[in-house]
Every structure is written in C-alpha cells, then in structure tokens.
Amino acid sequence: MKLSLVVPCYNEEGNVKRFYEETVRVLGGYRDSTLLADTELIFINDGSRDGTWKGLKEIYETSPHHIRVLSFSRNFGKEAALLAGLRASQGDYTAIIDADLQQRPEYVLQMLDFLEEHAEYDAVACYQEERKEGAFMAWVKSCFYKVIDSLSDVPIAQAASDFRLLRRCVVDAILSLPEKCRFSKGIFAWVGFETYLMPYKVEERTEGESKWNFWKLLRYAFSGIMSFSDKPLIVSSVLGIFLFALAILMMLVVVIKTLIWGDPVAGFPTLCSLLLLLSGVQLLSVGILGQYLAKNYTETKDRPVYILKEDLGK
Ligand code: UDP
Ligand code: MG
C-alpha cells in the first residue's frame, strides 16, 4: 500500500459521502493513475450520534476501493481516533485529514509530491495561511501555542495543524509512544524528524458544526501543557521560594520597626492580603501538583485509549 488516509469522523453524516467522493475523484486524477488503487481510506467513527456510521457502512459496502471503517463504542475524542487510524494504516505514506472537507484532498497530493521529491524530509505539516476563525479564538489559540512552546522541552510549531503526511518511519515512531494522554501536536514534535511546513487554505465548513468551543480548547490546552512540560512544577517551587524570602524580609522589617520606633503593627489589612496571597499560591501549587498526579493516575490505570465496537475491512 502506498498511501493511507486516516479520517476521524464525529457526527459528520452530511460530510462522509461527499468526502469519499471528492477524495476518490481527486486521487483518481493524479498523474500516476495507479495511486488510487494503491490507497486505503481509514475512517474512524468516533462514537457519532447521527447517521455517520450508516453512511460509512454504505461506503464500505459499495466501494470498489480499499476501505477500512473502525467504530468506537462511544466518543473518545479526535486524539483517540487518530491513534486508531495510525495503528490501522499500512501505507508507505500516511495522511491525516478531517472528514469535513475543510482540508481539501488536493493538498494530500501536493504533500505526497513534496515528500517524493525531497528525501531529506520525513513529514509535511500544513498550516493555515490565514485563519478563518473569529479574532477572539485566533488570539486564544495563538496565546496557547506561545505558552506551550515556551514551556515545552521540544519546540512545537505554532501554526502547524494535524493535517499532515507522514512517512512510515514517523508513523512507527508515533506508535511507539505508549502514553494514554495523547496530545498529537506535542507527540509530532517530540518524535522529531524533518518536517516541512506547507501553507494551505482552509475551506468553510458546509455541513455540520465544529466540535470545538472555548472550554474544550482550554481543557485540551491544559492537558497538552501537562503532557509535555514539567515547568509548571518548577514555577510553583520558584514562587514558593520567592514568597518565603519575602516573608522573612517582612518579618525583619516589622521587628526592626517595632524595636527602633515602637510602631504598632497595622494588623488587619496586612493580614488579610497576606492570607489571600499565600492561600492563593498554595492552592495554585497544589492544583498544579494535582494535575500531574491525575495524569499519572490515568497512565497507571493503563486503560485502552479507545474501545472498538466494529471493524470493517480488516
Ligand atoms: N472529530 C473526532 N472526534 C471528536 C471531535 C472531532 O473524530 O471528538 C473529528 C471531526 O469529525 C473532524 C475532525 O475531527 O473530522 C476535526 O474536527 P472539527 O472540524 O470539529 O474541528 P475544526 O476544524 O473546527 O478545528
Ligand atoms: Mg473542521
């Protein structure tokens, strides 16, 4: 198999058929006419609650091409779907592409051409030339990437999306990471390999709606930071040391002031603000610690990342 397309689908009933038809049309028009016959499409139905599964089954039953459909027992999230898809993929090249046609299949061919011409690169990642989302979301996302990039030990390409084409060696490297809390952008960066950034134009979503909102993104962001950096733990220790030094200094000032000038200490406001500050910092530190513990807890439970309910085309 030359090319595998991994397509996560969650409530995409209006898109899967169109995606399939468009992809077959585009791949069929490639200058190498054998490509389509040498391509597998791996759809992952991530616990959709609409007609996605029915649509995928129809595609599987009527398609003359290589189709694999994995279906989860419930919604496990895009990261889990990607993992399942990468595990199933057999191609020399594996593309990750959304089912909603916001990412045109033509770009997969462009990425393929690039990797075939440039042996020194192992992966191509697409980035949006201009972001189509609202100014607020764009700002939130760019802040998050700045924070995680500065915290993480490996540089995480800010703009790069999950829309990628990977050589076999990269897929194998990604699959060799056993962790359960999977943050793809971090994992792509962590495994290394030469990655070329290719600009692409994101299309409008015509059917269904985006599964991301502000709170989901925030949760994803925190999980990403905790998975790829231990610096927040250092931050809380540094803060602790700083406050300790400050407290000693303040005590000295108070003692000296009382001894020399006999000043009565203005109590209540000082006490109040100190108490608030210190308990805030303590809670923050305990919270950070708790987040790491929670991650550890999830990893040691060693539950599978997803549960497969159906597997067509194995
Ligand atoms: N997706 C998924 N599981 C989820 C959420 C999303 O498999 O829990 C899929 C979704 O069907 C789509 C892709 O991930 O193919 C990207 O999702 P979406 O289009 O909502 O994200 P956006 O393009 O708005 O960033
Ligand atoms: Mg989308």
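Below is a short write-up of the structure.

So, how was this worked out
Residues numbered from 1 in each chain as written. Chains lettered and ligands numbered in written order. Predicted model: local features only at pLDDT ≥ 70, side-chain atom pairs only at ≥ 80, totals over all residues. Heavy atoms only, no water. Helix = DSSP H or I, 4+ residues; strand = E, 2+ residues; numbered from the N terminus. Rg over C-alpha atoms; globule rule 2.2 N^0.38 Å. Contact = heavy atoms within 4.5 Å. Areas by Shrake-Rupley, 256 points an atom, 1.4 Å probe, with all protein chains shown as cover. Lys, Arg positive; Asp, Glu negative; His and termini not counted. Charge placed at Lys NZ, Arg CZ, Asp CG, Glu CD. Pairing = 2+ DSSP bridges. Axes fitted to C-alpha atoms, helices over the stretch in contact; angles between N-to-C directions.

Points about the overall build of the chain
- Each helix and strand in the chain was counted, giving 10 helices and 8 strands.
- For 314 residues, the compact-globule estimate of 2.2 N^0.38 gives 20 Å, and the chain exceeds it by more than 25% at 25 Å.
- Within the chain, residue pairs in contact and separated by at least 24 positions form 83% of the contacts whose partners lie at least 6 positions apart.
- For the chain, the accessible surface area stands at approximately 17100 Å², while carbon and sulfur atoms represent 60% of it.
- Side-chain charges of the chain comprise 35 positive and 40 negative groups, with the mean position of each set lying 6 Å from the other.

A closer look at the sheet that holds strand E3 (residues 66–72)
- With mixed pairing, 8 strands are arranged side by side in an open sheet as E7-E5-E6-E4-E1-E2-E3-E8. Among the strands making up the open sheet, the edge pair consists of strand E7 (195–200) and strand E8 (308–312). Across the sheet, the mean angle from the axis of one strand to that of its neighbour is 20°, orientation sign disregarded.
- As paired strands, strand E4 (residues 93–96) and strand E6 (residues 160–167) are joined by 4 bridges and run antiparallel to one another. Along E6, the bridge assignment pairs Tyr-93 with Arg-167.
- Across the sheet, helix H2 (residues 52–62) is in contact with strand E1 (3–9), strand E2 (39–45), E3 and E8; its angle to E3 comes to roughly 155°.
- Relative to E6, helix H4 (residues 106–117) is tilted by about 50°, and along the sheet it contacts E1, E4, strand E5 (123–128), E6 and E7.

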